[in-house]
Amino acid sequence: MIDISITIVAYNNEADVRDAVRSMMEHTNGRLSKKIYIVDNSTEANQLSSLAEEYEDVVYQRPGGNLGFGGGHNYVLPELDSQYHAIVNPDILLTEDSFSVLLSFLKQSKAGMAVPKLLDEQGKMQAVYRRDLTVFDMAVRMFFSSHFYKRQYYHTMQDMDYGKPFPVPFAQGSFLVIRTELFRELGGFDERYFMYMEDADLCKRVNNVSSLWYCPGTAVIHKWERGSHKDMRLLRMHISSMFRYFCKWGWKLW
């Protein structure tokens, strides 16, 4: 059994995937046994398969269609043989040995899943840690982001001390490390969400049986393109996933 498995779901973003893999190889302690799965949902031709030739720790898999975010990560679930599993976006860059820190944090705590500091490319902390989702908070986020600043401050947990660990109801699924046994018990992501909200759903299910904690001991860079804020098709998909989430977990209005 290896220490950690990692999945990156690619979708027409070869350069980002390559940068993410290289940063992991450069900054992860060589004594930490790992396997990086690249699940390629791309519709465009690319050369990502060459990463498996370049790095012995990389496994390239092409399902033959776009499985979505959750489906892509779930694709490797049956073959995972690791103590811990990392869910990593292609737009993530490691600048230090984050996996070792997060694994140590999980070993010393009773948490089932952990999230590090996520920084933008200028080193600013990103507001990716959130309290339980409500219809109001999602509406503000999607349509009224220039209003209700006090509520947004509260919802995104800006009142917390980020120098200390604390439990998180919902952390964005850009970089999460979970106990593999727990990930398997939960059945991975709920694939009824093709894209968006599957991370909120996973966090909810983790917190129902275990806990998700913020780990202040390490930071990663997240380039965060926010596709649904720029593309109407993605926005409609996001709203549809929000509807599915609240139908599943209850319509908490406020």
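For the structure itself, consult the block above.
Residues numbered from 1 in each chain as written. Predicted model: local features only at pLDDT ≥ 70, side-chain atom pairs only at ≥ 80, totals over all residues. Heavy atoms only, no water.

Trainee: Even after reading the chapter, I still don't get the pairing of strand E10 (residues 175-179), so can you show me in this structure?
Mentor: Along any regular strand, the residues point their side chains to alternate faces of the sheet. Here E10 lies mainly inside the structure; four of its five residues are buried. Here strand E4 (residues 82-88) runs beside E10; their pairing, made up of five bridges, is antiparallel. Paired with Tyr84 across the two strands is Arg179, which belongs to E10. (Buried < 20%, exposed > 50% of the residue type's maximum accessible area, 1.4 Å probe, protein only. Helix = DSSP H or I, 4+ residues; strand = E, 2+ residues; numbered from the N terminus. Pairing = 2+ DSSP bridges.)

Trainee: What is the right way to look at the pattern of salt bridges in this model?
Mentor: Two side chains of opposite charge can pair, provided their charged atoms sit close to one another. Per the stated rule, a full pass over the model turns up 12 salt bridges. Between Arg192 and Asp190 there is a salt bridge whose closest N-O contact spans 2.8 Å. For the salt bridge of Asp201 with Arg205, the shortest nitrogen-to-oxygen distance reads 2.8 Å. Taken together, the residues Asp201 and Arg205, both in helix H8 (residues 198-209) and four residues apart, mark about one turn of the helix. Accessibility expressed as a relative area gives 13% for Arg205, which makes it buried. What you see here is one network of salt bridges that share partners, running through Asp190, Arg192, Asp201, Arg205 and Lys248. (Salt bridge = Lys/Arg side-chain N within 4 Å of Asp/Glu carboxyl O.)

Trainee: It is not clear to me how the packing of H8 against helix H9 (residues 232-249) should be interpreted in this structure. Could you clarify?
Mentor: Two packed helices can be described by the angle between their axes and the distance between those axes. One can describe the packing of H8 onto H9 by two numbers: an axis separation of 11 Å at closest approach and a directional angle of 20°. On the basis of their axis angle, the class for H8 and H9 is roughly parallel. Only Tyr245, Lys248 and Trp249 of H9 make contact with H8, whose side of the interface consists of Ala200, Asp201, Lys204, Arg205 and Asn208. Across the contact of H8 with H9, the residue classes tally to three nonpolar, one polar and four charged. (Axes fitted to C-alpha atoms, helices over the stretch in contact; angles between N-to-C directions. Parallel < 35°, antiparallel > 145°, perpendicular 65-115°, else oblique. Contact = heavy atoms within 4.5 Å. Nonpolar A, V, L, I, M, F, W, Y, C, P; charged D, E, K, R; others polar.)

Trainee: What exactly am I supposed to notice about the side chain of Thr156 here?
Mentor: Along the chain, Thr156 turns up in the loop between helix H6 (149-155) and strand E8 (166-167). A relative accessible area of 11% places Thr156 in the buried class.

Trainee: Before we go on, may I ask you to explain the packing of helix H5 (residues 135-143) against H9 in this structure?
Mentor: Close contact between H5 and H9 brings their axes to 12 Å; oriented N to C, the two are set at 175°. Relative to H9, the element H5 is oriented roughly antiparallel. From H5, Val135, Met138, Met142 and Phe143 reach across to H9, where they touch Leu235, His238, Ile239, Met242 and Phe246.

Trainee: I'm lost on the pairing of E4 in this one. Help?
Mentor: Within E4, six of the seven residues are buried, which leaves the element mostly enclosed by the surrounding structure. Inspection of the sheet shows strand E1 (residues 2-10) paired to E4 by six bridges, in the parallel sense. The residue of E4 that forms the bridge with Ile4 is Tyr84.

Trainee: Even after reading the chapter, I still don't get the packing of aromatic side chains, so can you show me in this structure?
Mentor: In this description, an aromatic ring pair is defined by two values, namely the gap between the centres and the angle between the planes. Under the counting rule described, the total for this entry stands at 13 aromatic pairs. Plain terms: the ring middles of Phe136 and Phe148 are 5.2 Å apart, the flat faces sit at 80° to each other, and that makes the pair edge-to-face. Of this pair, Phe136 sits in helix H5 while Phe148 sits in the loop between H5 and H6, and the two are 12 residues apart along the sequence. Ring geometry for Phe136 against Trp254: centres 4.5 Å apart, planes inclined by 45°, an arrangement best described as tilted. Of this pair, Phe136 sits in helix H5 while Trp254 sits in the segment after H9, and the two are 118 residues apart along the sequence. Taking the relative accessible area as the measure of exposure, Trp254 reaches 59% and is therefore exposed. Linked through ring pairs, Tyr129, Tyr162, Phe166 and Tyr214 together constitute an aromatic cluster. When the ring centre of Tyr154 is taken as reference, the NZ or CZ atom of Arg131 above it lies at 4.1 Å. (Phe/Tyr/Trp six-rings, centres within 6.5 Å; stacked < 30°, edge-to-face > 60°. Lys NZ or Arg CZ within 6 Å of the ring centre and 35° of its normal.)

Trainee: Whenever I open this one, the environment of Gly188 confuses me. Can you help?
Mentor: Relative to the helices and strands, Gly188 resides in the loop between helix H7 (180-185) and H8. For the pair formed by Gly188 and Leu77, sequence separation is 111 residues and the distance between their alpha carbons is 7.2 Å. Every residue in contact with Gly188, bar those within four places of it in the chain, is listed here: Asn74, Leu77, Phe183, Leu202 and Arg205.

Trainee: Help me understand a nonpolar patch on the surface in this model?
Mentor: A contiguous nonpolar patch, built from Phe143, Phe144, Phe148 and Ile239 and spanning about 380 Å² of accessible area, is present on the exposed surface. With relative accessibility at 43%, the residue Phe148 sits in the partly exposed group. (Patch = residues over 30% accessible without salt bridge, like charges linked within 9 Å, V, L, I, M, F, W, Y side chains within 5 Å. Areas by Shrake-Rupley, 256 points an atom, 1.4 Å probe, with all protein chains shown as cover.)

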